[in-house]
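Coordinate analysis (summary)
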Amino acid sequence: MKKFNNNGSIIIMGGGLAGLAAGYELSRAKKRVLIIEKWDDVGGLARTLEVNGFRFDTGPHRWYTKSNMVNDWMLKILGDEVIKVPRLTRIYFDNRFFFYPIKLMNALTGIGIITACRAVIDYIFARFRARLLKPHLLTMEDGYINQFGKTLYETFFKRYSEKLWGQDCKQISIDWVGQRTRGLNILTILKDTFFKSKDVVSLVDEFSYPKKGIGRLAEKLVIEIKKRGGEIITSAEVNEINVIKNKISSIGFKKNGQKTLVKGQQFISSIPIDDFVKLINPKIDKKIIHLAQKLQYRDELQVALFVKKTHITADTWIYVHPKTIPFMRVMEMDNWSDDLSPVGTTTLVFEVACNIGDNMWKKSDTEVIKMISDSYINEFKLINKNDIIGGFVHRVPKEYPVYHIGYKEDTDIIKKHLSGLSNIQLVGRNGTFRYNNMDHSVEMGLYAAWNILKNKKMYEIESINIEREYLEEKKIENIEDFSLEEND
Ligand SMILES: Cc1cc2nc3c(=O)[nH]c(=O)nc-3n(C[C@H](O)[C@H](O)[C@H](O)COP(=O)(O)OP(=O)(O)OC[C@H]3O[C@@H](n4cnc5c(N)ncnc54)[C@H](O)[C@@H]3O)c2cc1C
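To keep things clear, this report deals only with the structure shown in the data block. The structure displayed is predicted, hence computed values, not measured ones.

Things to note about the packing of helix H1 (residues 17-28) against helix H2 (residues 68-78)
- Close contact between H1 and H2 brings their axes to 13 Å; oriented N to C, the two are set at 75 degrees. With respect to each other, H1 and H2 are oriented roughly perpendicular. Listed contacts from H2 to Ala21, Tyr24, Glu25 and Arg28 of H1 are Trp73, Lys76 and Ile77.
- In terms of residue class, the contact of H1 with H2 is built from four nonpolar, no polar and three charged.

The following block contains the structure:
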């Protein structure tokens, strides 16, 4: 086994935005940093791939944050690369398009007078029930019905959610609804309809975006980290985490079949928490391993079609509800930025939710591209076969953490157990098993780095991306500056 000459450094597992944000902050403060990333490139879930001159994102990624600190941090990295993109997102079902976030008049007129009346009655009933009975809400279904009433739930949320998760909404925890539609209720929709309110997360209708694709954030961080002497190893999978006396002493990773062992003082992990638990050596309590094994994820195929047309629709992305259509969302890259596709062309990116090993996942790339092209052409009739000049399939394991009922209790126990290890911090979306957006993952990475630099756990990573954060807006106003450089 190879040994890595890396004593005294900080080891970061996973080169997504959380790991890179931490690496950037630490390298700015002249710390020795080593980032180990399993994929052939960094960026994790927020990448921009380039194929034959077409740049396209790994799913629609709009930058939005309630934290000025995180926003300033992002602007510092990307500078004048950032543009403002107007958002148009719609829902497609029953051969019709509806605005998303829901616009009341559009929704009620679109679903027909009888369903609309039922929706209003159901909504009033749900609100009274919520106020008077204060029902115990457990599942995603409970959450949506409580917020919107049964008819709106069945019309606008149930089908899509079940397509995304591949499970009944009764099997998924209400927490997902809380995070996803935080603050979005009929009152805010009414306000939006009549007064164009802009104060709610899901109603943001313009967002920041790097004109060369969301992956620029990761690309720029890599440049900055390397400039300061940080090291990033890609195509390297962490496959053991060695513990001595409640401290991680070293980790092992595999690259090109070669195993390497590397020691470190401090560790940050953004790799999935269940993998982390599994890799600890010597093995930890079976009960914890069992809880980790219970955690589920939804995987995804992302299918890019390169098309000899521009602005096929005006949408940044469209949610596609019918189960008969294999993809659940389609985004059109030239509605995000003109700098992503060769002149006269665009890329459509389709998301197909599935589970590793199922029939969809097992299809060959050629089969998947044909299936998606046929389906899009036949259903929407906006392009024809001759317009398509190429395709590409990106397979993403562990795209969405699934909040099974009881997941919170399970992950709390796992995290409590892992908190017994004194030199590791868990960050990131799958690292903390939190439905993070990019800003949350960045903030977690920053907190982890600052904790190391302050030499104590001052910043509470677990406080990020929970309801409380949205109430205590602008918690931290300034970026911590540990930089030893004069002009950064
Ligand atoms: C389709 C989609 C759309 C999204 N849209 C938005 C949006 O509009 N706005 C927004 O703010 N956020 C959005 N997000 C969320 C955003 O992408 C994530 O929150 C963010 O990218 C997560 O970063 P991370 O570093 O926490 O995790 P990840 O990106 O998952 O990074 C973890 C890294 O660890 C690596 N890894 C795993 N196991 C190992 C191992 N054993 N050894 C070494 N490396 C390992 C992985 O390869 C990965 O690169 C979206 C996500 C998806 C999937």
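Regarding the pairing of strand S11 (residues 237-244)
- Relative to strand S12 (residues 247-255), S11 runs antiparallel, the two being bridged by seven bridges. The residue of S12 that forms the bridge with glutamate 237 is lysine 254.
- Taking the residues between adjacent antiparallel strands as the criterion, S11 and S12 are bridged by two residues, where lysine 245 takes a positive phi near 45 degrees.

Examining the nonpolar core
- Counting residues in hydrophobic clusters, the biggest one holds 123 residues, and the most contacted among them are Phe156, Ile251, Phe276 and Leu418.
- For this core, the element with the highest residue contribution is helix H16 (residues 438-454), accounting for ten residues.
- Contact partners of isoleucine 251, with chain neighbours within four places excluded, come to Ile11, Met13, Ile36, Val238, Glu240, Ile241, Thr260, Leu261, Val262 and Phe267.
- One finds Val303, Phe327, Ile377 and Val393 within the second-largest nonpolar core, a separate group that totals 26 residues.

A look at H16
- Over its 17 residues, H16 runs 24 Å from end to end, which matches the ideal 24 Å to within 8%, given 1.5 Å per residue.
- Across the 17 residues of H16, 16 count as buried, placing the element largely inside the fold.
- Immediately downstream of H16, the backbone of asparagine 455 shows phi near 65 degrees, a positive value.

Some words on the packing of aromatic side chains
- Scanning all chains against the criterion turns up 37 aromatic pairs.
- A centroid spacing of 6.5 Å and a plane angle of 35 degrees characterise the contact between tyrosine 144 and phenylalanine 148, whose relative ring orientation is tilted. One end of the pair, tyrosine 144, and the other, phenylalanine 148, are both in helix H5 (residues 140-148), four residues apart, so they sit about a helical turn from each other.
- Measuring from centroid to centroid gives 5.8 Å for tryptophan 165 and tyrosine 400, while their planes differ by 75 degrees, and the two rings are edge-to-face. Linking tryptophan 165 in helix H6 (residues 150-165) with tyrosine 400 in strand S20 (residues 388-402), this pair joins segments that are 235 residues apart in sequence. This pair shows no difference in class: tryptophan 165 is buried, exactly as tyrosine 400 is.

Rules behind the numbers
Residues numbered from 1 in each chain as written. Predicted model: local features only at pLDDT ≥ 70, side-chain atom pairs only at ≥ 80, totals over all residues. Heavy atoms only, no water. Axes fitted to C-alpha atoms, helices over the stretch in contact; angles between N-to-C directions. Helix = DSSP H or I, 4+ residues; strand = E, 2+ residues; numbered from the N terminus. Parallel < 35°, antiparallel > 145°, perpendicular 65-115°, else oblique. Contact = heavy atoms within 4.5 Å. Nonpolar A, V, L, I, M, F, W, Y, C, P; charged D, E, K, R; others polar. Pairing = 2+ DSSP bridges. Core = buried A, V, L, I, M, F, W, Y, C linked by side-chain atoms within 4.5 Å. Buried < 20%, exposed > 50% of the residue type's maximum accessible area, 1.4 Å probe, protein only. Expected span 1.5 Å × (residues − 1). Phe/Tyr/Trp six-rings, centres within 6.5 Å; stacked < 30°, edge-to-face > 60°.

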